Amino acid sequence: MSRILTIAKYIILQHLRNLGITLGQMLIFPIVVILILGMALSPAFEERELDPTRVGYLNEDTGVMGGLVDDFLSRGEIAELLEVKAVPSREKGLELLKDGEISALIHIEADYSEQVLAGNKAEIKLTGHPGRQLGVAIVETIMESFTYGGNATYALAAMGSQLEYAPAFGSIEEHTVSASGLKPNAMGYYAVTMLVMMAMYGAIYAAYDMGQNYMEPVGLRVMSTPVRPWEQYAGTVLANLVTVYLQALIIIAFTYFAFDVYWGPNLPLILLIVFVHVTLAVGLGTMAVMLTRDIARASGLLNILVVALTFLAGGYFEVNLPGSFQWGQYLSPNFLAQTALFNTIYGGPRNETLVMLAAMAGIILVTFTVSMLAQRRVVQ
Amino acid sequence: MLVETKNLVKRYGDVLAVDNVNLQIAEGEIFGLLGPNGAGKTTIINMLIGLTKVDGGEIAIFGKKVNGNREDVSSHIGIVPQELAIYNDLTAAENLAFFGKLYGIKGKLLQERVTEALEFTGLSDKRKILPKKFSGGMKRRLNIACAIVHQPKLIIMDEPTVGIDPQSRNHILSSVQELHSQGSTIIYTSHYMEEVEELCTRVAIMDEGRIIAQGNKDELKELVSFEDRIVVEVSTVNFTLVDEIKRIGGVTDCFLAENILTIHMAKNSHIIGRVVDAITGAGTEVVTLSAEKPTLESVFLTLTGKKLRD
Ligand SMILES: Nc1ncnc2c1ncn2[C@@H]1O[C@H](COP(=O)(O)OP(=O)(O)OP(=O)(O)O)[C@@H](O)[C@H]1O
Ligand SMILES: [Mg+2]
């Protein structure tokens, strides 16, 4: 075990030494593409979010607190930030939300005043549009400033409340609308496809490192130490998984924080899908170098392959194959990963996600089996 | 015997790369494997360390069969591959630490061994430098350092001095002698016969997969030198002297060019004294006298009819 970790550690160290290449090819490039395509093609995917943020407002509370929220939202400085649109019912509000007419829905239930005055837990319900992280954050911050802020304290005092002090009376309960049926915006789309493409480029790392193991003197030197062949293999796979996966995480985090890209309600599943995809890429790279027995040729081949697979999967722009050829997209592992990711983010069918994951697992099995068999022929 | 092979065979398609090779290498030797390009030296080494499958025959190292004990056996071997086998993206010290760890050395001991190996190969001040920035000779030295960081009992060096500057080469040759004096057994392959002649205690000469001669240097030379030869510079030229020398029993040939006498004589005939007597008796003086010994080069030439290098 410790030898596997030693091998992995020193390979990762070499990856870090090549940080220039790593950053350029694996991180900055996808991020720039996400930004440029995401911006340029934005109109094709959705209407730009307007300033101020449009928000639906449903106030069913006829009590004193409900009135305070009305007053609060109609104040001048708030009006600059929010364009409040009253909605007749929660259903109608959610409908507008799905259509993207509004970015968030503020819902105050009928017993809100009652609960607050009784000192119970009371909540303002806030439902956000998954693709409008920024807008939702604005609404949330504003509503929090109401529930926790001096306004409320002052209001309570003015009402001659019996409360001796004004606790935070009520909190924001945030809901995200079930994303089912939603479509990603341009940024969200390219964040996913570029992430998938970047992970695929990880195949080239794997080809290089595996090739070094079996085709280069330094790898043969490692083989001549007490290290067992499978330890060398496992250490190399591990190093590649770590490096490529970390890069994927950086892209996810970066697009989330810097571009407000929505990654859906189920982050663990997203991380799993990405991990499976990274493993697939490493398997593919390993297989390529074992079959060609030539690092340069394998890298060249993979470079072309990644572009082709990304293209086929609609990674650069949406590709619509004619009806009877639509299955063709499933030939690209990128498409499998993208489908699973989009489903998870935007509430598509869970079954399909599982099928995609199973198909990817199948490909992984094939790549590693083929590499294993080919490796036996490499060592003569 | 530290290393012993019996009827070792390796085929690559039609090429018989190694043809029934029998080697016996005792502890404490510097064993030279001398042969031209393609003789099969590297192939033998790769079989010794279990990198290449053996098609026939047996190998025992430290008294154990390599097949089945590779891990155990390999932990006491250090290999200097013919081609540079170092990571260009790891510093000199990291390269050494990596290989040291693979041999199971850790912690403080590892740090010490890394420092020692760097000192030994004269790379102490290059510890934190990437080999990318090294000269060819420095890379060769790091290539050696990686093989000795775990202080192995047996060090195998496959043409460690190929293509480097004379200074690095001298450094490497004296390192080999130093490692030997510290108790390591060394297998040294080369097609520079001068190196092998200078360093090695025993030598096997290979050609086309076969060992064509094996022994210590004198034994090998015995094989080919049917006669000894001495060259004498004389003060005055005297033609009757030539005939006189030819009459000495054991002398097979003698000729004079300017004032240089070249005399061929049967091997170990111990007649140099009589030759000198004959010269001085003829009223001439010996200015210089040298006995020419055959070289390994001439051994190879005699055995194969080829030169070691073109
Ligand atoms: N992997 C291989 N596949 C096919 N033939 C090989 C392979 N390795 C070596 N050979 C052949 O085996 C023979 C011996 O090669 P080897 O490398 O052992 O020679 P060598 O004595 O080390 O030569 P050099 O001084 O050039 O290093 C050569 O004919 C070579 O072409
Ligand atoms: Mg060789």
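Procedures and definitions
Residues numbered from 1 in each chain as written. Chains lettered and ligands numbered in written order. Predicted model: local features only at pLDDT ≥ 70, side-chain atom pairs only at ≥ 80, totals over all residues. Heavy atoms only, no water. Phe/Tyr/Trp six-rings, centres within 6.5 Å; stacked < 30°, edge-to-face > 60°. Helix = DSSP H or I, 4+ residues; strand = E, 2+ residues; numbered from the N terminus. Buried < 20%, exposed > 50% of the residue type's maximum accessible area, 1.4 Å probe, protein only. 1 Å grid on protein atoms, 1.4 Å probe; cavity = no way out; pocket = protein on both sides within 12 Å on 5 of 7 lines; lining within 4 Å. Points joined across faces, edges and corners; volume = space filled by probe spheres on them. Nonpolar A, V, L, I, M, F, W, Y, C, P; charged D, E, K, R; others polar. Axes fitted to C-alpha atoms, helices over the stretch in contact; angles between N-to-C directions. Parallel < 35°, antiparallel > 145°, perpendicular 65-115°, else oblique. Left-handed = near helix turned anticlockwise from the far one by under 90°. Contact = heavy atoms within 4.5 Å. Arc of directions from axis to C-beta. Pairing = 2+ DSSP bridges.

Trainee: How do you make sense of the packing of aromatic side chains when you look at a structure like this?
Mentor: Residues and elements named next belong to chain A. For the coordinates displayed, the defined rule picks out 13 aromatic pairs over all chains. Aromatic pair Y233 and F368: ring centres 6.4 Å apart, planes at 75°, arrangement edge-to-face. Separated by 135 residues along the polypeptide, Y233 in helix 12 (residues 229-259) and F368 in helix 16 (residues 350-378) bring together distant segments of the chain. Take Y233 and F368: they sit in the same class, and that class is buried. With 4.9 Å between their ring centres and 85° between their planes, Y256 and F257 make a pair best called edge-to-face.

Trainee: Hey, could you run me through empty space enclosed by the protein in this one?
Mentor: Summary: where empty space remains is shown by rolling a probe the size of a single water molecule over the atoms. Counting across every chain of the model gives two cavities of 30 Å³ or more. Every residue lining the largest cavity is listed: I11(A), Q14(A), D209(A), Q212(A), N213(A) and Y87(B). Secondary-structure elements contributing two or more residues to the lining of the largest cavity are helix 1 (2-17) and helix 10 (186-215) of chain A. The leading source of residues in the lining of the largest cavity is helix 10 of chain A, at three residues. Classifying every residue of the lining of the largest cavity gives two nonpolar, three polar and one charged. Its volume calculated, the second largest cavity comes out at about 30 Å³. Along the walls of the second largest cavity sit I7(A), I11(A), N213(A), V222(A), Q232(A), Y87(B) and F98(B), which together make up its complete lining. Of the residues belonging to the lining of the second largest cavity, the class tally is five nonpolar, two polar and no charged.

Trainee: How do you make sense of the packing of helix 10 of chain A against helix 13 (residues 267-292) of chain A when you look at a structure like this?
Mentor: Describing two packed helices takes the angle between their axes plus the distance from one axis to the other. All names here are of chain A. Packing of helix 10 against helix 13 leaves a shortest axis separation of 7 Å and a crossing angle of 40°. By the criterion of interaxial angle, the relationship of helix 10 to helix 13 is oblique. Like other packed secondary-structure pairs, helix 10 and helix 13 cross with a definite hand, here right-handed. Residues L195, V196, A199, M200, A203, A206, A207, M210, G211, Y214 and M215 of helix 10 touch helix 13, and the partners they reach there are V274, H277, V278, L280, A281, V282, L284, G285, T286, V289 and M290. Taken together, the residues of the contact of helix 10 with helix 13 sort by class into 18 nonpolar, four polar and no charged.

Trainee: It is not clear to me how helix 11 (residues 296-304) of chain B should be interpreted in this structure. Could you clarify?
Mentor: Three- or four-residue spacings in an α-helix give side chains the same orientation, since the helix completes a turn every 3.6 residues. All buried positions along helix 11 of chain B are accounted for by L296(B), V299(B) and F300(B). With its buried residues spanning 95° around the axis, helix 11 of chain B presents them on a single face.

Trainee: I tried to follow the pairing of strand 6 (residues 77-80) of chain B on my own but got confused; where do I start?
Mentor: Each regular strand shows side chains that alternate between the opposite faces of the sheet. All names here are of chain B. The alternating pattern of strand 6 places I77 and I79 and G78 and V80 on opposite faces, both of which are buried. With four bridges connecting them, strand 6 and strand 7 (residues 154-158) associate as parallel partners. Bridge pairing in strand 7 links I77 to L154.

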